[in-house]
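Single-letter residue listing:
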Amino acid sequence: MSDTSAAEGSDPATPKPHNVEADEFTATLRDAVAESDLVLVDFYTDGCSICQSIEPVLGGVARNADVPILLVNPRDDPPLVSEHTIRSVPTLALFRAGDDGDPVEVARLAEGFVGAERLVEFVESHR
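Given the structure is predicted, the values throughout are model-derived calculations rather than measurements.

### As for the pairing of strand β4 (residues 91-97)
Burial analysis of β4 places five of its seven residues in the buried class, which makes it a mostly covered element. Taken together, the five bridges between strand β2 (residues 39-43) and β4 define a ladder with antiparallel strand orientation. When the sheet's bridge partners are listed, D42 is paired in β4 with L92. The antiparallel pairing of β4 with strand β5 (residues 103-109) creates a hairpin that spans five residues between the two strands, and G101 there sits at a positive phi of about 90°.

This is the structure:
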């Protein structure tokens, strides 16, 4: 999956989805929850057609819900799959900082294609 960029001419400070290597995911997520009240994570695989159809939606969700989005392909990292109980892709999980500052998953969607409106509602319902 490629980085999903905001529309041309938009504010460069606006959150946009970005790829994270599986081996850097834990540290990147920890940093992200320290900077934002919520972080949306898209666990995907390259060959997943539903994952590819969600990718264009994520940029709008990042802007409209003002939430950072991390894209991570857990395919070659069984410990990451196990730790986050990834049973299917795409899996969209919402994280926030726990009492100790470590990321805590607060909700997830694993229902196939999800449109922008549903994703924004999902994020907003957990603020």
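### Describing the packing of aromatic side chains
Across all of its chains, the model carries one aromatic pair by this definition. Aromatic pair F25 and F43: ring centres 5.6 Å apart, planes at 65°, arrangement edge-to-face. With F25 in helix α1 (residues 25-35) and F43 in strand β2, this pair connects stretches of sequence that are 18 residues apart. There is no split in this pair, since F25 and F43 are both buried.

Cut-offs used in this document
- Residues numbered from 1 in each chain as written.
- Predicted model: local features only at pLDDT ≥ 70, side-chain atom pairs only at ≥ 80, totals over all residues.
- Heavy atoms only, no water.
- Buried < 20%, exposed > 50% of the residue type's maximum accessible area, 1.4 Å probe, protein only.
- Helix = DSSP H or I, 4+ residues; strand = E, 2+ residues; numbered from the N terminus.
- Pairing = 2+ DSSP bridges.
- Phe/Tyr/Trp six-rings, centres within 6.5 Å; stacked < 30°, edge-to-face > 60°.

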